[in-house]
Amino acid sequence: MAGKESLALVSLGCAKNAVDLEVMTGNLLKSGRTLSPDPDRADTVIVNTCAFIASAREEAEAEIRRALELKKRGAYGKVVVTGCYPQRYPKRAAAFPGVDEWIGVPQEWIEPKMPALRFTGKAFAYLKIAEGCAHRCAYCAIPSIRGKFRSRPIEDLVAEAKELSALGVKELCIVAQDITRYGTDFNGEHQLAKLLRELCRFDFKWIRLHYLYPDVLNDEMIDVIASEPKIVKYLDIPIQHCNSKILELMNRRGNGEYIRELLDTLRSRIPGLVIRTSLITGLPGEGEEEFNHTVEFLKEARFLSAHIFPYSEREGTPASQMEDKVPIEIRRERAAKLIEIQKEITDSILSEEIEREPERIVLFETYSNGTAHGHTDSFLEVSSPAPYDLHGERVK
């Protein structure tokens, strides 16, 4: 891409994917491009895609086709497809005649040119600390898409955090496929605790941690989370399952007993902690006994929230070759049952929280029709009438 063309953006997938698009677009703007005021009309549209599960692939394909249709009508000059979909399917460009560039995931770090572009404004910002994944979960295609685990140098992260703090960002969200493994590819030592201490020196109000792998949460990390007041006592720990047999089939380290002990340890050492998790239903080999085990565990664990979804087969993964497959209807039924149970748990926890502490600090992100929308430190969504836009403000 050359010249001073205008850019339109389509961002699909997770926060980590959004960070990639922020960096790519920000660097293009520094070289003279501009953002189009009309997202459906520009010299070039960048469709940044996800390919994690079937629904994400379908969404990516639909957006590519939509961009190509707009190109036919003269609304776009060029269509550039980036991200996980072209990385996962490098030969599928032929299925989309008219795509000008088919670009996968960068295999080396691309540092943002400061000041970096932010889609999130000053309320919060993402800081991506690592790329790729060192785990080989049987159901997951991420390592084949994103590559091996690669930490970003701590001095670069500190420099970017310093700028974000100076810009007035209130909440810093630390993201990676597995932030607990940060630094191990440098010298074999876990360095997340060291990084967090550095980040806590800046003037953020909250620092939020996303995606902590359960078997790597060590004592030093727990101590930092417990002792640093800026680190919110909300942890996103995807356990995926609680039954030891299924965890082994998933190629996840640890077992059900370890997960229970970890939750007890975290809650005893981090006062006020709330936990979000992720669970998969219907992996090949999951029978009624293993599912019922999950039902009872979910009731006992009392997560604040849980992302629960039926197993989605990803071609080329070990799980896709497993026997004893669970029919899709049963996978969905099991997920629906867990979602219903989790809703009751979430409602109960929220009622207890409101009764215990009726006034909470809220960080507002958006404003529309006289209403400000934001979230609390425990990531509870809040909407409140407001006479003006409270974006980026923390209000009790």
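Higher on the page you've got the structure.
Criteria and thresholds
Residues numbered from 1 in each chain as written. Predicted model: local features only at pLDDT ≥ 70, side-chain atom pairs only at ≥ 80, totals over all residues. Heavy atoms only, no water. Pairing = 2+ DSSP bridges. Helix = DSSP H or I, 4+ residues; strand = E, 2+ residues; numbered from the N terminus. Axes fitted to C-alpha atoms, helices over the stretch in contact; angles between N-to-C directions. Contact = heavy atoms within 4.5 Å. Core = buried A, V, L, I, M, F, W, Y, C linked by side-chain atoms within 4.5 Å. Buried < 20%, exposed > 50% of the residue type's maximum accessible area, 1.4 Å probe, protein only. Right-handed = clockwise from strand over helix to strand, strands pointing away. Phe/Tyr/Trp six-rings, centres within 6.5 Å; stacked < 30°, edge-to-face > 60°. Lys NZ or Arg CZ within 6 Å of the ring centre and 35° of its normal. Expected span 1.5 Å × (residues − 1). Disulfide = S-S within 2.5 Å.

A.B. asks: What is the right way to look at the sheet that holds strand β11 (residues 231-236) in this model?
C.D. replies: Sheet strands pair via backbone hydrogen bonds, and the direction of the pair is either parallel or antiparallel. Spatially, the six strands line up as an open sheet ordered β6-β9-β10-β11-β12-β13, and their pairing is parallel. Single-partner strands in this sheet number two, and they are β6 (124-128) and β13 (305-310). Strand-to-strand twist of the sheet, defined as the mean angle between neighbouring strand axes without regard to direction, takes the value 15 degrees. Of the strand pairs in this sheet, strand β12 (residues 274-281) and β13 are connected by six bridges, and their pairing is parallel. Bridge pairing in β13 links L279 to I308. Packing of helix α8 (residues 219-227) onto the sheet brings it into contact with β10 (206-210) and β11, and relative to β11 it is tilted by some 130 degrees.

A.B. asks: So what exactly am I meant to see when it comes to the nonpolar core here?
C.D. replies: In a soluble, globular protein the nonpolar side chains are often hidden away together inside. Of all hydrophobic cores here, the largest spans 89 residues; its most connected members are I129, Y139, L172, I174, I207, L209 and L266. Once residues lying within four places of it in the same chain are set aside, the contact partners of I174 are L127, I129, I179, L196, L199, I207, R208, L209 and H210. Counting residues in hydrophobic clusters, the runner-up holds 25 residues, among them A42, L68, F96 and W102.

A.B. asks: Whenever I open this one, the pairing of β10 confuses me. Can you help?
C.D. replies: The side chains of a regular strand alternate, first on one face of the sheet and then on the other. Extensive coverage of β10 is indicated by the burial of five of its five residues. Burial along β10 is two-sided: the residues W206, R208 and H210 and I207 and L209 are all buried. Where strand β9 (residues 171-175) meets β10, four bridges bridge the pair, whose relative direction is parallel. Each residue of the ladder has a partner; that of E171, found in β10, is W206. For the handedness criterion, the β-α-β arrangement of β10, α8 and β11 is classed as right-handed.

A.B. asks: Just to check I follow, could you spell out the packing of aromatic side chains for this structure?
C.D. replies: To describe a pair of aromatic rings, you give the distance between the ring centres and the angle between the ring planes. Using the criterion set out here, one finds eight aromatic pairs in the structure. Centre to centre, the rings of F124 and Y126 are 5.5 Å apart; their planes meet at 85 degrees, and the pair counts as edge-to-face. When sorted by exposure, F124 lands in the same class as Y126, which is buried. Members of the aromatic cluster, connected to one another through ring pairs, are Y85, Y89, F96 and W102. Positioned over the ring face of Y89 is R92, at 3.7 Å from the centre of the ring.

A.B. asks: What's the story with the sheet that holds strand β3 (residues 42-49) in this structure? I'm lost.
C.D. replies: Taken in spatial order, the five strands of this open sheet run β2-β1-β3-β4-β5, and their pairing is parallel. Edge positions in the sheet fall to β2 (34-35) and β5 (101-103), since each of these pairs with one other strand and no more. Two elements, strand β1 (residues 6-11) and β3, share five bridges in a ladder whose sense is parallel. Bridge assignment links L7 to a residue of β3, and that residue is T44. Packed on one face of the sheet, helix α1 (residues 15-30) meets β1, β2, β3 and β4 (76-83) and runs near 175 degrees to β1.

A.B. asks: Which parts of the structure should I look at to understand α1?
C.D. replies: It helps to recall that an α-helix has 3.6 residues per turn; residues three or four apart then point in one direction. Between its terminal C-alpha atoms α1 stretches 22 Å, which fits the 22 Å expected from 16 residues at 1.5 Å a residue. Where α1 ends, the next residue or the one after it, G32, has phi of about 115 degrees, a positive value.

A.B. asks: Looking at this structure, I do not really get the state of the cysteines. What am I missing?
C.D. replies: For the structure on display, the rule yields zero disulfides. With no disulfide of its own, C84 has C50 as its nearest cysteine by sulfur position, at a separation of 5.6 Å.

Function cannot be inferred from these measures alone, as they are strictly geometric.
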